[in-house]
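Structural overview for review
Residue strings, one per chain:
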Amino acid sequence: MKSILILRHAKSSWKHPELSDHNRPLNKRGKRDAPLMGELLKNEHLIPEFIISSDAKRAHSTAKIVAKASGYKEEIVFNQSLYAAGPAAYIDVLRDLSNEYTRVLMVGHNPGLEELVSMLTGESHSLSTCSLVHIQLRVNKWTEMDNKTKGKLSGIWYPRDFV
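Computed from a predicted model, the values in this text were never measured in an experiment.

1. Some thoughts on the sheet that holds strand E6 (residues 151-157)
With respect to topology, 6 strands assemble into an open sheet ordered E3-E2-E4-E1-E5-E6, the strand pairing being mixed. With one partner strand each, in any of the chains shown, strand E3 (76-79) and E6 form the two edges of the open sheet. Each adjacent strand pair in this sheet contributes to an overall mean axis angle of 20°, direction not counted. The sheet contact formed by strand E1 (residues 3-8) and strand E5 (residues 132-137) spans 5 bridges and is antiparallel. By the bridge assignment for E5, leucine 5 is matched with histidine 134. Most of the contacts of helix H3 (residues 87-95) go to strand E4 (residues 103-108), to which it runs at about 145°, and overall it touches E1, strand E2 (50-54), E3 and E4.

Following this line, the structure appears as structure tokens:
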């Protein structure tokens, strides 16, 4: 069985309106929340074997902070196709993963992540910034992933629960 951890990027800053959406950095709250989710991964024994993130600055920063706080030591892959993406883009990325990975963390954006969670679990959840979802998938190989794949929601955490 495979499992995915789905993390919405941490809170971003709107302080510099001249920046494109893609280049918005994390704000103070985002920098506070991201390490909390990394510590959660470590404490829950959910450290991923592989991390893939949108290449948007806020997702990129979130992935790096969470990885460091969790003790993740491997490479983080930044994928442009996950920026402003729908569920199909996340599924496509998962399908290309090596089967050596059992647990993968994906860092991205709404509404695509909420739609992905709903598609995989049949449940609707609102994902505030830096929310983390753990889904156990009913597949043995990543190539088996498609838009009909179902899984079980194993956990959902919000930063407000730890502040």
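2. Quick notes on the pairing of E5
In terms of burial, E5 is a largely internal element, 5 of the 6 residues being buried. Where E5 lies against E6, 6 bridges are found, and the strand directions are antiparallel. Within the sheet, the bridge partner assigned to leucine 132 lies in E6 and is tryptophan 157.

3. Topic: the packing of aromatic side chains
Tallied over the entire structure, the rule returns 1 aromatic pair. Centroid distance phenylalanine 50 to tyrosine 101: 4.6 Å. Interplanar angle 20°. Geometry classified as stacked. Of this pair, phenylalanine 50 sits in strand E2 while tyrosine 101 sits in the loop between H3 and E4, placing them 51 residues apart in sequence. Each member of the pair, phenylalanine 50 as well as tyrosine 101, is classed as buried. Positioned over the ring face of tyrosine 158 is arginine 160, at 4.3 Å from the centre of the ring.

Analysis parameters
- Residues numbered from 1 in each chain as written.
- Predicted model: local features only at pLDDT ≥ 70, side-chain atom pairs only at ≥ 80, totals over all residues.
- Heavy atoms only, no water.
- Pairing = 2+ DSSP bridges.
- Helix = DSSP H or I, 4+ residues; strand = E, 2+ residues; numbered from the N terminus.
- Axes fitted to C-alpha atoms, helices over the stretch in contact; angles between N-to-C directions.
- Contact = heavy atoms within 4.5 Å.
- Buried < 20%, exposed > 50% of the residue type's maximum accessible area, 1.4 Å probe, protein only.
- Phe/Tyr/Trp six-rings, centres within 6.5 Å; stacked < 30°, edge-to-face > 60°.
- Lys NZ or Arg CZ within 6 Å of the ring centre and 35° of its normal.

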